[in-house]
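The lines below spell out each chain.
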Amino acid sequence: PAADAVVQVEWTETAGENQVRVQRPVSVGQNIRQEGEDIQKGQVILHSGRELRAAELGVLASLGRKSVNVYQVPRVAFIATGNELLEVDQPLEPGKIRNSNSYTVCALIKEIGAHPVDLGIARDSRDELRNKILQGLGSDALVTTGGVSVGNYDLVQTVMKEIGIEIKLWKVNIKPGMPFLFGMYESTPVFGLPGNPVSTVVTFLKFVKPALRKMMGVSPPEAGFRLRAELAHDLKKTDGKRHFIRGILESQDGKFTVRTTGSQSSGVLSSLVKANCLIVVPEHVGTLKKGDSAEVELL
C-alpha cells in the first residue's frame, strides 16, 4: 500500500528469501500510471465527423462504449458506358477494349469505405442508358464513366437531362479529366466521369471521393496529403489547364525528388501502377526545370 514507484523485473535480482536487489536508481512515481492520465472526466474524445479507425475503436472500447451513432455507408451505383467495351473474360476484337473502369472505380469506392453497386455496361443507346441510369438513381449516389464528351455517341448528358437530372457543371479546367460532369437528381448526386481510364481515376480522386466522404460524415472532407519535391527532369505544358501528372516520389540524401512515370496519355493505365503520387502543375505554370520545386500529392 505504501509503494510510490514500480521497477521493471528485469532491473532486479533475487537477493535472498523475500528480498530483491534493485540494480538501478528509482525515482518517486516511476512507472506508475495515474488515474485520468489518458482521459479526463468530461473530456470530449471523439467529435462528430471523426472517422473510426483502429485507434478510435480501441478508445471507445476502453470507455465501455459498445455502440455509437455513425453515418450510414452510402451505396454508390456505377455504370460503364460504351459500345467498345468488352467484359474482362471476352477475347479482344478490333476496335474493342476490355472494361477496366468498372473494376477500378468499384475498388476506389471500396477503398473509401462506401459500398459499390456495379450495374455493368450500358451501350451507346438512349434506351439502354436511360434504363441503367434510372436503376442507378435508386442508390445514394451514381457514377458513370464515358459518354460525357462531344462525340456522336456521347449520349450520357443528353439522357440525364431527359430523365430530369439537373446538370450543375460540365467540363473542368484540368488534365486529364476535362469533360467531367456533375448533376443532382433530387437529393442524389450524379457524377459523369470521362471514359479514358486515367481520367476516370483522377476525376474520381479529385471530385467524387471528397463528395462521398462528406456524405459519410467525414468533416471536413480531407484533401490529399501534399508536399514539395525537387524535379528530376524538366516538365513542360502548353495549355492553361491544371495538370495532374503521374509521378514517382523518392527520398534521396534527406530530400524528396520526383519524376514522371513516362507517357502521360490518359489511356496508359499502367502508369498508375508505377505512380505513388500526382505532380500538380498549376494553370499559370508552363515550364518547370530540373531542380525546381514542384507540388506533389500522394496517392
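Above this note sits the structure.
Computed from a prediction, not measured in an experiment: that's the story for all the values here.

Student: Got a sec to walk through the packing of aromatic side chains? Specific residues and values, please.
Tutor: Following the criterion strictly, the structure yields two aromatic pairs and no others. Ring geometry for Phe180 and Phe207: centres 4.6 Å apart, planes at 25 degrees, overall stacked. Separated by 27 residues along the polypeptide, Phe180 in the loop between β9 (174-175) and β10 (181-185) and Phe207 in helix α5 (residues 197-215) bring together distant segments of the chain. Judged by relative accessible area, which is 3%, Phe180 ranks as buried. Between Phe182 and Phe191, the aromatic rings sit 5.3 Å apart at their centres with planes inclined by 45 degrees, giving tilted as the arrangement. On the basis of relative accessibility, which here comes to 19%, the residue Phe182 falls in the buried class. Taking relative accessible area as the criterion, Phe191 reaches 2% and is therefore assigned buried.

Student: How would you sum up the nonpolar core? Please name residues and give values.
Tutor: Counting 30 residues, the largest nonpolar core has Val76, Val143, Phe191, Leu193, Phe204, Val208 and Leu212 as its most contacted members. Within the residue set of this core, elements represented by two or more residues are β3 (75-81), α2 (101-111), β7 (141-145), β11 (188-193), α5 and β16 (277-281). At six residues, α5 tops the list of elements feeding residues into this core. Among all residues touching Phe204, those that are not within four sequence positions of it are Val105, Leu108, Ile109, Leu193, Lys209, Pro210 and Leu212.

Student: Pulling in residues and values, what's your account of helix α4 (residues 156-163)?
Tutor: Because an α-helix completes one turn every 3.6 residues, residues spaced three or four positions apart along the sequence face the same direction. Buried within α4 are the following residues: Val156, Gln157, Val159, Met160 and Ile163. Buried residues of α4 fall within an arc of 165 degrees about the axis and therefore sit on the same side. Turning to α4, the residues buried within the fold contact β3, α3 (126-136), β7, β8 (166-170), β10 and β11. Two residues or fewer after α4 comes Gly164, characterised by a positive phi angle close to 115 degrees.

Student: Explain the sheet that holds β10 to me, using residue names and the numbers behind them.
Tutor: Pairing is mixed across the open sheet formed by six strands, whose spatial order is β6-β3-β7-β11-β10-β8. The open sheet terminates on both sides in strands that have one partner only, identified here as β6 (115-122) and β8. Put simply, the sheet's adjacent strands are angled 20 degrees from each other on average, direction ignored. Sheet topology places β3 next to β7; five bridges connect them, and they run parallel. Bridge assignment links Ile79 to a residue of β7, and that residue is Thr144. Together, β3, β7 and β11 form the strand contacts of α5, whose direction differs from that of β11 by roughly 170 degrees.

Student: Before we move on, could you go through the pairing of β16 and cite the residues and values that matter?
Tutor: Counting buried positions over the five residues of β16 gives five, a clear majority of the element. Taking every second residue as pointing to the same face, both faces of β16 are buried, with Cys277, Ile279 and Val281 on one and Leu278 and Val280 on the other. In this sheet, β16 lies alongside strand β14 (residues 242-252) in antiparallel orientation, the contact comprising five bridges. Note on β16: the bridge partner recorded for His243 is Val281. Pairing analysis gives four bridges linking β16 to strand β18 (residues 293-298), with the strands arranged antiparallel. Pairing of Val280 across the sheet is with Glu295, part of β18.

Quick notes on the rules
Starting afresh in each chain, residues are numbered from 1 along the sequence in its written order. The predicted origin of the model limits local features to residues at a pLDDT of at least 70 and limits the giving and counting of side-chain atom pairs to 80 or more, whereas totals for whole chains, interfaces and linings rest on all residues. Excluded from the side-chain calculation are hydrogens and water; included are all heavy atoms of the structure. Working definition: rings of Phe, Tyr and Trp (its six-membered ring) pair if their centres are within 6.5 Å, and the pair is stacked with planes under 30 degrees apart, edge-to-face with planes over 60 apart, and tilted otherwise. Secondary structure is summarised from DSSP: a helix means a run of H or I of at least four residues, a strand means a run of E of at least two, and numbering begins at the N terminus for each. Residue exposure (1.4 Å probe, protein chains only): buried if accessible area is under 20% of the type maximum, exposed if over 50%, otherwise partly exposed. Take the buried residues of types Ala, Val, Leu, Ile, Met, Phe, Trp, Tyr and Cys, join any two whose side-chain atoms come within 4.5 Å, and each joined set is a nonpolar core. Here, residues are in contact when the closest pair of their heavy atoms is within 4.5 Å. Throughout, the arc means the angular range of directions from the helix axis out to the C-beta atoms. Whether two strands pair comes down to DSSP finding at least two bridges between them. The angle between two axes is taken between their N-to-C directions and runs from 0 to 180 degrees, where each axis is a line fitted to C-alpha atoms and a helix contributes only its stretch in contact.

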